[in-house]
Amino acid sequence: MRRRDLTRPAGHLSHSVAGAPEAESWKRKARAAVLALLVAALPLPALAQSRTDVERQFQAWLQKDVWQEARQAGVSQKAFAAAFEGISLNWDLPDLVPPGSKPKTERKQSQAEFSSPGAYFSEKRLQGLAASGRTLAKTHAATLRKVEQAYGVPGEIILAVWGRESGFGRADIPHAAIEVLATKAFMSTRKDMFRRELIAALHIIDGGDRTPAQLKGSWAGAMGQPQFMPTSYLKYAVDFDGDGVRDIWNSVPDSLASIANYLRQKGWEQGRGWGYEVRIPDGVSCAQEGPDLAKPIGHWSSAGIERVSGKPFAPSEARASGMMLVPAGTHGPEFIVTPNFYVIKEYNNSDLYALYIGNLADRIAYGSGAFTGAWGDVGKMLRSDVLAMQKALVAKGYDVGKVDGLPGYKTRRSLGDWQAKAGLQPTCYPDASLKTKLR
């Protein structure tokens, strides 16, 4: 609609614009009717729902679906009501998928690079944690001795996990666990997993270990100083200070013992460490890594593999099993690891995480430093390029594990096997020079 000419008296219209308000009103109604028809034709998921509507659905879901499951699982109505009193969705959490929306698509494979393994090992961070760990090893020496006697896990490993997970209990863990778990169980990319954890959290409250207000966790629902998910708390948390409560939030003895109990229950072999940094001679193929290719450490030693420290393997290790690990192929540090390495991975399923814990534990116990082997110039490949290599290897009959554009140990050793058969020097790691050769 045209603006009124402010030089004319209000309400005065020239002949040329007389009747324009009626015409414009008719046009607006027509446009609105067309828009309504178009909106009605859209599929419902395309329509963004208001937060008010989603909150209403959330409350109904809690009272109907979650309460039914919780009641069947043995949770009392009193505990359920206390847990969800005043609860609402936390819209600030990552990876949320509100009703009527779709998960955010990941960056295209052609745009995404995987990171160099070396980037994971911040020397400044490791040095800081090691210094704090050595101090705390003295402060809590008596407790650590008792924990090690009870569970068979070395104190330095327990300290390393404690330091990595929560900065030795100093990290701020501010989120209400029930709010986080309920939000993610209602609208996240892993709703089923978080729903199980939510029911477990209700059992914690019902058992009297924590009130809803005391049940604090991370943005992902991991709780307390050991960063246990609720299901892990129920299985592995222990009352080591004897006060009748399994308190992994405020009790150092409970936190240390709970970490040790977790590792023992996952299969920690008493009397053995996590592994050794080694040098693998040129005549020994890097394509022998993996937990399914374990051999006696005496075998690896007889093949010419030596510890970088120059020390021999302990005689007790000769018949014990060990596995080759080359996380960057021949472009980085090389290791012989024990089954305890894979127990550490139960805490966080990552080779680099377990190496981090092992290295930090060695720094705390022995004052050692960074790995001797340098991380080479790796990690700049596009995931789409690695994905293409994986598909090519699969087509040739190789087992690369998950075809996801990331170089896990099965991809690395399959690549090394293919390189050897193709007359190339095995490196067991993808690089740009292989893109045109492996098709």
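Scoring rules and cut-offs
Residues numbered from 1 in each chain as written. Predicted model: local features only at pLDDT ≥ 70, side-chain atom pairs only at ≥ 80, totals over all residues. Heavy atoms only, no water. Helix = DSSP H or I, 4+ residues; strand = E, 2+ residues; numbered from the N terminus. Buried < 20%, exposed > 50% of the residue type's maximum accessible area, 1.4 Å probe, protein only. Contact = heavy atoms within 4.5 Å. Areas by Shrake-Rupley, 256 points an atom, 1.4 Å probe, with all protein chains shown as cover. Axes fitted to C-alpha atoms, helices over the stretch in contact; angles between N-to-C directions. Parallel < 35°, antiparallel > 145°, perpendicular 65-115°, else oblique. Left-handed = near helix turned anticlockwise from the far one by under 90°. Phe/Tyr/Trp six-rings, centres within 6.5 Å; stacked < 30°, edge-to-face > 60°. Core = buried A, V, L, I, M, F, W, Y, C linked by side-chain atoms within 4.5 Å. pLDDT = per-residue confidence, 0-100. Salt bridge = Lys/Arg side-chain N within 4 Å of Asp/Glu carboxyl O. Expected span 1.5 Å × (residues − 1). Arc of directions from axis to C-beta.

Asks: When you look at the overall build of the protein chain in this model, what are you seeing that I'm missing?
Replies: Of the regular secondary structure elements, the protein chain holds 15 helices and 8 strands. Within the protein chain, the fraction of its 439 residues that count as buried is 44%. Looking at the protein chain alone, contacts between residues at least 24 apart form 68% of all its contacts between residues at least 6 apart. Carbon together with sulfur atoms contributes 51% to the accessible area of the protein chain, which is approximately 22800 Å² in total.

Asks: What is the right way to look at the packing of helix α10 (residues 252-265) against helix α12 (residues 339-347) in this model?
Replies: Helix packing geometry: the angle between the two helix axes and the distance between the axes. Contact geometry for α10 and α12: axes closest at 9 Å, N-to-C directions at 120°. Accordingly, the angle class assigned to the pair α10 and α12 is oblique. Taken as a pair, α10 and α12 cross one another with a handedness that is right-handed. Taken together, the residues of α12 that come into contact with α10 (itself represented by Ile259, Tyr262 and Leu263) are Val343, Ile344, Glu346 and Tyr347.

Asks: What's the story with the packing of aromatic side chains in this structure? I'm lost.
Replies: Given two aromatic rings, their pairing is described by the distance between the two centres and the angle made by the two planes. Inspection of every chain in the model, using the stated rule, returns 21 aromatic pairs. Ring geometry for Trp67 and Phe80: centres 5.0 Å apart, planes at 55°, overall tilted. You can see Trp67 sitting in helix α2 (residues 51-72) and its partner Phe80 sitting in helix α3 (residues 77-83), a full 13 residues away along the chain. For the pair Trp67 and Phe80, a shared accessibility class is recorded, and that class is buried. Residues Tyr233 and Trp249 carry aromatic rings whose centres are separated by 5.7 Å and whose planes lie at 45° to one another, so their mutual orientation is tilted. Of this pair, Tyr233 sits in helix α9 (residues 230-236) while Trp249 sits in the loop between α9 and α10; the two residues are 16 residues apart in sequence, bridging distant segments of the chain. The exposure class assigned to Trp249 is buried, which follows from its relative accessible area of 12%. Three or more aromatic residues link up through ring pairs in this structure, and these residues are Tyr120, Phe121, Trp274, Phe335, Tyr356, Phe371 and Trp375.

Asks: Would you mind showing me how to read the nonpolar core here?
Replies: Note on soluble globular proteins: their nonpolar side chains tend to be buried together. With 86 residues, the main nonpolar core has Phe84, Ile178, Leu198, Leu202, Leu215 and Leu355 as its most contacted residues. Of all the elements, helix α13 (residues 351-366) adds the most residues to this core, at 9 residues. When residues no more than four places from it in sequence are discounted, the contact partners of Leu355 are Phe121, Trp274, Leu325, Pro327, Phe335, Phe341 and Phe371.

Asks: How should I be thinking about the confidence of the model for the protein chain in this particular structure?
Replies: Fine structural detail should not be taken from predicted coordinates in areas where pLDDT scores are low. Chain-level statistics for the protein chain give a pLDDT mean of 89 and a share of 87% at 70 or above. Of the regions scoring below 50 in pLDDT, residues 1-47 engages in 13 contacts with residues more than four places distant in sequence or in other chains.

Asks: Even after reading the chapter, I still don't get the environment of Gly310, so can you show me in this structure?
Replies: Looking at where Gly310 falls in the secondary structure, it is placed in the loop between β5 (306-307) and β6 (321-325). Judged by relative accessible area, which is 64%, Gly310 ranks as exposed. Spatially, the C-alpha atom of Gly310 lies 9.2 Å from that of Val278, the residues being 32 residues apart in sequence.

Asks: It is not clear to me how the side chain of Glu317 should be interpreted in this structure. Could you clarify?
Replies: The residue Glu317 is located in the loop between β5 and β6 in this model. Among the residues examined, Glu317 registers a relative accessible area of 6% and is labelled buried.

Asks: How should the pattern of salt bridges be read in this particular structure?
Replies: Side-chain pairing between opposite charges can occur once the charged atoms of the two side chains come close. Counted according to the given criterion, the structure contains 15 salt bridges. For Asp53, the salt bridge goes to Arg56, with nearest N and O atoms at 2.4 Å. One end of the pair, Asp53, and the other, Arg56, are both in helix α2, 3 residues apart, so they sit about a helical turn from each other. Given a relative accessible area of 29%, Asp53 falls into the partly exposed group. The class for Arg56 is exposed, based on a relative accessible area of 51%.

Asks: Help me understand helix α8 (residues 191-207), please; the structure alone is not making it clear to me.
Replies: Because an α-helix completes one turn every 3.6 residues, residues spaced three or four positions apart along the sequence face the same direction. Here α8 is 17 residues long and its end C-alpha atoms lie 24 Å apart, about the 24 Å a rise of 1.5 Å per residue gives. Of all the residues in α8, the buried ones are Phe194, Glu197, Leu198, Ile199, Ala200, Ala201, Leu202, Ile204 and Ile205. Where α8 is buried, its residues meet α2, α3, α7 (177-186) and α9. Of the residues one or two after α8, Gly208 is the one with positive phi, at around 90°.

Asks: Looking at this structure, how should I read unusual backbone geometry?
Replies: Where the residue is not glycine, phi is negative for most of them; where a peptide bond is considered, it is trans in most cases. Positive phi, close to 55°, is recorded for Gln227, a residue that is not glycine. Structurally, Gln227 can be placed in the loop between β2 (216-217) and α9. Within the chain, Cys428 stands out as a residue other than glycine whose phi angle is a positive 55°. Mapped onto the fold, Cys428 is located in the segment after α15 (409-421).

Asks: Looking at this structure, I do not really get helix α5 (residues 141-151). What am I missing?
Replies: Thr143, Leu144, Val147 and Tyr151 are the residues of α5 that are buried. Buried residues of α5 fall within an arc of 95° about the axis and therefore sit on the same side. Residues of α5 that are exposed and point more than 90 degrees away from the buried face comprise Arg145, Lys146 and Gln149. Buried residues along α5 sit in contact with α4 (123-139), α6 (155-166) and α10. Gly152 lies just past α5 and shows a positive phi near 80°.

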